[in-house]
Structures are given as C-alpha cells and as structure tokens.
Amino acid sequence: MEASLVKPVINVAAICGSLRKASYNRGLLRAAMKISSESIEGMKINYIDISPLPMINTDLEVEGTYPPVVDAFRQKILEADCVLFASPEYNYSVAPPLKNAIDWASRPPNVWADKAAAIISTGGGFGGGRAQYHLRQIGVYLDLHFINKPEFFLNAFQPPPKFDSEGNLIDPEAEEKIKNVLLALQAFTIRLNGKC
C-alpha cells in the first residue's frame, strides 16, 4: 500500500476530571478506548492519570523546573496529537482535579497550545453540559481547538441503565455517539496537523 494511502496514527491523551474509581466519566473513556482499538483505524488513546498531581502552587516551581510528577504529565500532553476530556460537572463548572491538571500544563511553555480536543461527559440533568461550556472557554486562552460537533452529553440516570455497577458504559446508542466524536476528533486532528 502506498504511504500516502496509510492513515497516520493519532495519539490521543485521555483525561478524566473525576478521581472516583467507579466514575461514570472514566467509564466513558474506557468505552472510547475500546471503540478506538476495535473499530477506528489510525487512532490510539492513552489514559493519563491526573490523581498524582499536587495542587498547583508556583512555590513548587524551582528555577523554571516543575516537580517530577508534573513534568511527566506535561510531557505526555506535549507528545499527544490531541486530547479527549471526560469532564464531570461540579457546581456548573469543571471538577477541581481537571482544572488543576489544566493549569499545571498551561504553565510556561503551555503544552496545550495548538492541539485538537474533544469533550465527553455524563452526569445528572444536562449530563455535564455546563462543565463542557466552561472547558471550551478555558480552551480559548490555552489555544486548545475543540471540535464543535458532535457534542456528547449523557444523562447517566435516565432509564434504560447506562452504566453497570463498576462504572462501565453499557448503552449501545451512547457508544455509537462516542464513536462519532472520536471520528470527528481524528479528522480534525489530521487537518489541524497537516497530516492529510
């Protein structure tokens, strides 16, 4: 097969704003990882755990360096082609662990800059929609480029059941919608990076 016909591999950094073990938002990322490995050629999703990050404190920055755990996190973001956020909603906004991770990676040099991104979320009511809109606003300053459509919000508590007792997504319709988000993210990343 000619090299020009082979799709480049898109490396996706997947970040969950919830630290709960059975988090439904983390369940969305597990579903996305499964979907990409089984049915999307040329995309690899890598889950990045943000729980070890200390609360942002510039006193931890010494002569332009960061704590090792922060450096490791920043390097993973830098090496990714794009980002997939799973963002729960806390008080109409993004969860503190996610904002903390975003802020650490935005310290000079800002490693979010010029990356494509997408958001998926679940919860009650609007399914995390308000948090998504705040995250989009944050992205403007960070030079993160979010796909506009499709959007993915999932009310976790409306029947039929969406998740099992371990937080795994069991709703086929939601899985199909996540696949569409991933395909849009892949296409936008290729376009943004000039890899087409």
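Everything below is about the structure printed above this text.
Our subject in this report is the structure included herewith. These numbers were taken from a predicted model, which means no experiment stands behind them.

Focus: the nonpolar core
Part 1 of the argument: Ranked by size, the top nonpolar core spans 32 residues in total, and within it Leu84, Ile178 and Leu182 carry the most contacts.
Part 2 of the argument: The set of elements that each furnish at least two residues to this core consists of strand 1 (10-16), helix 1 (24-39), strand 2 (43-48), strand 3 (82-86), strand 6 (116-123), strand 8 (152-155) and helix 5 (172-193).
Part 3 of the argument: A total of 8 residues in this core trace back to one element, the largest contributor, which is helix 5.
Part 4 of the argument: Within the second largest apolar cluster, 28 residues are counted, among which are Val83, Ile119, Ala131 and Leu135.

Notes on the packing of helix 2 (residues 68-79) against helix 3 (residues 96-106)
Part 1 of the argument: At a minimum axis distance of 9 Å, the contact between helix 2 and helix 3 shows a crossing angle of 85 degrees. Accordingly, the angle class assigned to the pair helix 2 and helix 3 is roughly perpendicular. The residues of helix 3 that touch helix 2, namely those facing Val70, Phe73 and Arg74, are Ala101, Trp104, Ala105 and Ser106.
Part 2 of the argument: Here the contact of helix 2 with helix 3 is composed, by residue class, of 5 nonpolar, 1 polar and 1 charged.

Description of the packing of aromatic side chains
Part 1 of the argument: Tallying each qualifying case throughout the model produces 9 aromatic pairs.
Part 2 of the argument: Here Phe85 and Trp112 contribute two aromatic rings whose centre-to-centre distance is 5.7 Å and whose plane-to-plane angle is 45 degrees, an arrangement assigned as tilted. Placement of Phe85 in strand 3 and of Trp112 in the loop between helix 3 and strand 6 is noted, with a sequence separation of 27 residues between them.
Part 3 of the argument: Classification of Phe85 by relative accessible area gives buried; the value is 0%.
Part 4 of the argument: Summarising the aromatic geometry, the rings of Phe126 and Tyr133 are spaced 6.1 Å apart at their centres and angled 55 degrees between planes, so their arrangement reads as tilted.
Part 5 of the argument: These aromatic residues form a ring-pair network of at least three members: Phe73, Phe85, Trp112 and Phe146.
Part 6 of the argument: The cationic tip of Arg130 hangs over the ring face of Tyr92; the distance from NZ or CZ to the ring centre is 4.2 Å.

Cut-off values and rules
- Residues numbered from 1 in each chain as written.
- Predicted model: local features only at pLDDT ≥ 70, side-chain atom pairs only at ≥ 80, totals over all residues.
- Heavy atoms only, no water.
- Core = buried A, V, L, I, M, F, W, Y, C linked by side-chain atoms within 4.5 Å.
- Buried < 20%, exposed > 50% of the residue type's maximum accessible area, 1.4 Å probe, protein only.
- Helix = DSSP H or I, 4+ residues; strand = E, 2+ residues; numbered from the N terminus.
- Axes fitted to C-alpha atoms, helices over the stretch in contact; angles between N-to-C directions.
- Parallel < 35°, antiparallel > 145°, perpendicular 65-115°, else oblique.
- Contact = heavy atoms within 4.5 Å.
- Nonpolar A, V, L, I, M, F, W, Y, C, P; charged D, E, K, R; others polar.
- Phe/Tyr/Trp six-rings, centres within 6.5 Å; stacked < 30°, edge-to-face > 60°.
- Lys NZ or Arg CZ within 6 Å of the ring centre and 35° of its normal.

Just distances and angles here, no functional claims.
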